[in-house]
Amino acid sequence: MPKSPLLDNNEFSIYGVSNLKDYASQVMEYLMCNKKSILQFFEIEHYDKVRINLYDSKEDILKWRTQSGTPPYQIRRNAGFFNLNDNMVFCYSDFSKIDVIVAIKNVVHEFVHLVYMNAVQEKGNGKRVVWVDEGLAQLLSGQKEDLLDKGRFKIWFMNHILGANKETPNINFLKQHGSEYGSFCDTKTNKYNGYDFSYVLIRYLLETVDKTEFQRIIRSKDLIEKLESTIIESAVSYYIKSLNIESETFIQRKR
């Protein structure tokens, strides 16, 4: 990574090789447009300056990431990581395979992780709840903003959550990153995707509890855990009803 930033202001410094200068400008513009709304969502007024490290080489980001151990997922065409202690984001994208806006939202996803874990969630070791953190990051990055349309959300929900080849995971599966069945993303049998369920659960909470209570929940591991015995079933049932999905159009899945 070059020693000097491609772009720098009071909120973000963005580093990367010179051919990423135009992309870095787009990342900076999107971050600057969205930081205020992210902080407002979390009801905080300030967040410290963040360093963004952009990569266009899979080998380079893999070399950096393996210094901290084996990544939980295989790095493919788009990947992101964060360093809480140093307040940094690290993102790789293969622009021959993905759109620029997908890459930009991936950067914002990692930024949301920093804000939530450093400035919002309950302090202390072991306080992170993966499904909460990942659901918030998807929501606030805009990665699933097309699903704000109810019709699109219904189709997506029926395919990704209620599909004939899908099953409802145990909530404990959504509390530890990994690519095996029983961890966050089942990439072996593809029976469920933790990112999809995390988004659904956060969206469900936003739609069913008041704003004050929602803010209390995301700040308390105890409150989160009190919800976990029923939240997946409750969320799925809620959307089957609110989206007017007929029971015969999907296969009942067992946990």
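Above this text sits the structure in question.
Residues numbered from 1 in each chain as written. Predicted model: local features only at pLDDT ≥ 70, side-chain atom pairs only at ≥ 80, totals over all residues. Heavy atoms only, no water.

Chemist: Could you clarify how one ought to interpret the pattern of salt bridges in this entry?
Modeler: Pairing between side chains of opposite charge can happen when their charged atoms approach one another. Applying the stated criterion to the full structure yields 12 salt bridges. With a closest N to O distance of 4.0 Å, E43 and K211 form a salt bridge. Of the two residues, E43 is situated in the loop between α1 (21-42) and β3 (50-55) and K211 in helix α7 (residues 211-218); the sequence distance between them amounts to 168 residues. E43 gets classed as partly exposed once you look at its relative accessible area, which sits at 45%. With relative accessibility at 60%, the residue K211 sits in the exposed group. D196 is the salt-bridge partner of K144, the closest N and O atoms lying 3.9 Å from each other. With K144 in the loop between α4 (130-141) and α5 (150-160) and D196 in helix α6 (residues 194-208), this pair connects stretches of sequence that are 52 residues apart. (Salt bridge = Lys/Arg side-chain N within 4 Å of Asp/Glu carboxyl O. Helix = DSSP H or I, 4+ residues; strand = E, 2+ residues; numbered from the N terminus. Buried < 20%, exposed > 50% of the residue type's maximum accessible area, 1.4 Å probe, protein only.)

Chemist: Where do I start with the pairing of β3 in this structure?
Modeler: Consecutive residues of a regular strand have side chains that alternate between opposite faces of the sheet. Where burial is concerned, most of β3 is hidden: five out of the six residues are buried. With four bridges connecting them, strand β2 (residues 12-15) and β3 associate as parallel partners. Bridge pairing in β3 places Y15 opposite N53. You can see the chain leave β2, run along α1 and come back into β3, and the turn it takes is left-handed. The sheet contact formed by β3 and strand β5 (residues 88-93) spans five bridges and is parallel. By the bridge assignment, Y55 is partnered in β5 with Y92. (Pairing = 2+ DSSP bridges. Right-handed = clockwise from strand over helix to strand, strands pointing away.)

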